[in-house]
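Below are the chains, spelled out letter by letter.
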Amino acid sequence: MTLDLAHIDAWVFDLDDTLYPREQGVMSLVQGRINAFMVDAVGLPSDEARVLQKQFLNEHGTTLAGLMANYAIDPVRFLREVHDVPLDSLEPNPRLDAVLAGLPGRKYVLTNGARFHAARVLDRIGITARFDGVFAIEDMDLTPKPAPSTYRRFLERFGVDPHRAVFFEDTPRNLAPAKTLGMATVLIGDGHGHEIGDWVDARAADLLDFLTPYAMKDAA
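What you see is a predicted model; the values in this text were computed from it and never measured.

Quick notes on the rules
Residues numbered from 1 in each chain as written. Predicted model: local features only at pLDDT ≥ 70, side-chain atom pairs only at ≥ 80, totals over all residues. Heavy atoms only, no water. 1 Å grid on protein atoms, 1.4 Å probe; cavity = no way out; pocket = protein on both sides within 12 Å on 5 of 7 lines; lining within 4 Å. Points joined across faces, edges and corners; volume = space filled by probe spheres on them. Helix = DSSP H or I, 4+ residues; strand = E, 2+ residues; numbered from the N terminus. Nonpolar A, V, L, I, M, F, W, Y, C, P; charged D, E, K, R; others polar. Buried < 20%, exposed > 50% of the residue type's maximum accessible area, 1.4 Å probe, protein only. Right-handed = clockwise from strand over helix to strand, strands pointing away. Pairing = 2+ DSSP bridges. Axes fitted to C-alpha atoms, helices over the stretch in contact; angles between N-to-C directions. Contact = heavy atoms within 4.5 Å. Phe/Tyr/Trp six-rings, centres within 6.5 Å; stacked < 30°, edge-to-face > 60°. Core = buried A, V, L, I, M, F, W, Y, C linked by side-chain atoms within 4.5 Å.

This next bit is on the layout of surface pockets. Estimates place the volume of the largest pocket at around 1000 Å³. Elements with a contribution of two residues or more to the lining of the largest pocket: α1 (26-42), α2 (46-60), α3 (63-70) and α4 (75-83). The element best represented in the lining of the largest pocket is α1, accounting for six residues. Broken down by class, the residue content of the lining of the largest pocket amounts to 13 nonpolar, 16 polar and 11 charged. There is about 270 Å³ of room inside the second largest pocket. For the second largest pocket, the lining is made up of 18 residues, of which Y20, P21, R22, I188 and A205 are closest to its centre. Taken together, the residues of the lining of the second largest pocket sort by class into eight nonpolar, four polar and six charged.

So, in structure tokens, the structure goes:
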């Protein structure tokens, strides 16, 4: 599905399961670490901790936000432990690097993940040099997407005009505040079974396929 993006000068991307395919399994590894942390933090059996973790995710945007609201935990330890996963399954993507190079304007990452995790993932894919900035959970003061204030802080930090920006995400609800602020919105993937409302302007099964027509013809 194509979208008129001729006016766009800021390309904003979620990180996990957006800049690389979900099938590469990085978030499954992170989820395993989160489950282990939950069991230790809340003292529940694994299956019960998993149910509570899903509740935190739905109510607070991230497991960390839910834990912080209900338990005395060290957020720095949480971020370090759950994101310190091997990236062997994550494939370098020179084609994506070339397409990102050909997109007119600035590029940013807006992620609920930790800053060091974003740096590792971008480096592994081979696209670090294509981005003008990364806005991670630490930059949000641990207030994750979809909190509207987080999007406003991101826009202010990098001087982005939301009416000239497009946001790519794999979680439908995280696109809603971006749309409200005036950004074009593109859902990558199937939405994980969640509601996909009219705040989504376009959907794409694959980020690279979607972006390719928008890259300049002289991209490397």
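Now for the pairing of strand β4 (residues 165-169). Burial analysis of β4 places five of its five residues in the buried class, the great majority of the element. Both faces of β4 are covered, namely the face carrying A165, F167 and E169 and the face carrying V166 and F168. Following the chain from β4 across helix α8 (residues 176-181) to the adjacent parallel strand β5 (residues 184-188), one finds a crossover that is right-handed.

With parallel pairing, six strands are arranged side by side in an open sheet as β3-β2-β1-β4-β5-β6. Edge positions in the sheet fall to β3 (133-135) and β6 (202-204), since each has one partner strand and no second. The sheet shows a mean angle of 20° between the axes of neighbouring strands, taken without regard to direction. Pairing between β4 and β5: four bridges, direction parallel. Bridge pairing links F168 to V186 in β5. Here helix α7 (residues 148-158) sits on the sheet in contact with β1 (10-13), β2 (106-110), β3 and β4, set at roughly 155° to β3.

Glancing now at the packing of aromatic side chains. According to the stated counting rule, one finds 13 aromatic pairs in the structure shown. Centre to centre, the rings of F13 and F168 are 4.8 Å apart; their planes meet at 10°, and the pair counts as stacked. With F13 in strand β1 and F168 in strand β4, this residue pair connects regions lying 155 residues apart in the sequence. Neither residue differs from the other here; F13 and F168 are each classed as buried. Ring plane angle 75° and centroid distance 6.4 Å describe the contact between F135 and F158, whose orientation is recorded as edge-to-face. Here F158 lies in helix α7 and F135 lies in strand β3, a separation of 23 residues in the sequence. The pair formed by F135 and F158 is uniform in burial state, with each residue classed as buried.

On to the nonpolar core. One recurring pattern in soluble globular proteins: nonpolar side chains tend to sit buried together. Core analysis: the biggest nonpolar cluster contains 71 residues, and W11, F13, L19, F168, F210 and L211 have the highest contact counts within it. With six residues, α1 is the single largest residue contributor to this core. Once you skip the residues sitting within four places of it in the chain, L19 turns out to touch F13, D14, L96, V109, L122, I125, I127, F131 and L207.

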